[in-house]
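# Residue-level structure breakdown
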Amino acid sequence: AVPAVAVAAAVAEPPTELYCLSKTNKWRQCEVAEVLDDGKNWKIHYTKFPAKYDEIIASDSDRLTTKRPENLVAKKERLRRIWCASKKHADISRECLIKEEKDGKYLLHFISYADKFDAWIETDSPRLAEQRPRANKLAKGDNLSCYSSDLARWLEVEVVAVDDNKQQVTLEWVGDNDTKSFIVPLKSPKLSISHKAPKDAAPRN
């Protein structure tokens, strides 16, 4: 339900707790970034959103309220990423999402793997690294993202072989499918060592 209590235009100071009905019709937490026109208008900044979404709204607008809406929509925060060395192949590191931190341990989700492979690992484990240990160098068994022009989306692939002389890499799509392996230049913009979401922007040729 939409809160009925709007902010009074005559308040001398902007409220410390404020919510705004966004242009996408979602209640968001916000703050007054700037008071304009002697308080008649406010420049509203949505909490945890880029400044490009700021907008100017009348301070007595029914889009504003100091009462926390029951249907408040919080901005989803991106999970922090980290690299973790494989138990079976110490020279292979997998990119992970830190889903939770508790009692000196991280709950890691290995990107491109099912949730059943999630694991708790000590935050100071020597298996963990903020940066990929081998930088941009690829090896058999690596998982990365590759852009499919046919499907217009990023998909997960596994490295089958690396030919440094020819500067190319042989890949296979990850998942249950009958697709054949294929070859891509090592420096192809269609390859990304840092995993991409399927609908991330297409690479520039």
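To keep things clear, this report deals only with the structure shown in the data block. (Residues numbered from 1 in each chain as written. Predicted model: local features only at pLDDT ≥ 70, side-chain atom pairs only at ≥ 80, totals over all residues. Heavy atoms only, no water.)

So, on to the packing of aromatic side chains. All told, the structure shown has five aromatic pairs when counted by the stated rule. Ring geometry for Tyr46 against Phe49: centres 6.4 Å apart, planes inclined by 70 degrees, an arrangement best described as edge-to-face. By relative accessible area, which is 5% here, Tyr46 ends up buried. The interplanar angle of 70 degrees and the centroid separation of 5.4 Å between the aromatic rings of Tyr147 and Trp154 together place this pair among those described as edge-to-face. Exposure class is identical for Tyr147 and Trp154. Each is buried. Cluster of aromatic residues (ring-pair linked, three or more members): Tyr46, Phe49 and Tyr53. The ring of Trp154 is capped by Lys196, whose NZ or CZ atom sits 5.5 Å from the centre of that ring. (Phe/Tyr/Trp six-rings, centres within 6.5 Å; stacked < 30°, edge-to-face > 60°. Buried < 20%, exposed > 50% of the residue type's maximum accessible area, 1.4 Å probe, protein only. Lys NZ or Arg CZ within 6 Å of the ring centre and 35° of its normal.)

We now examine the side chain of Glu55. By secondary structure assignment, the location of Glu55 is in strand 4 (residues 55-58). By relative accessible area, Glu55 is classed as buried at 11%. Of note is the side chain of Glu55, whose polar atom sits 2.9 Å from the side chain of Arg63. Apart from residues no more than four positions distant in its own chain, Glu55 is found in contact with Lys23, Trp42, Lys43, Ile44, Tyr46 and Arg63. (Helix = DSSP H or I, 4+ residues; strand = E, 2+ residues; numbered from the N terminus. Polar contact = N/O pair within 3.5 Å; in protein donor to acceptor, adjacent residues only side chain to side chain. Contact = heavy atoms within 4.5 Å.)

Below, the discussion takes up the sheet that holds strand 3 (residues 41-46). Where strands meet in a sheet, backbone hydrogen bonds hold them as pairs that are either parallel or antiparallel. The five strands are arranged 4-3-2-1-5 in an open sheet whose pairing can be described as antiparallel. Each having just a single partner strand, strand 4 and strand 5 (64-65) make up the two edges of the open sheet. Bridge count between strand 2 (residues 27-36) and strand 3: six bridges; the pairing is antiparallel. When the sheet's bridge partners are listed, Glu34 is paired in strand 3 with Lys43. (Pairing = 2+ DSSP bridges.)

These figures capture arrangement, not role.
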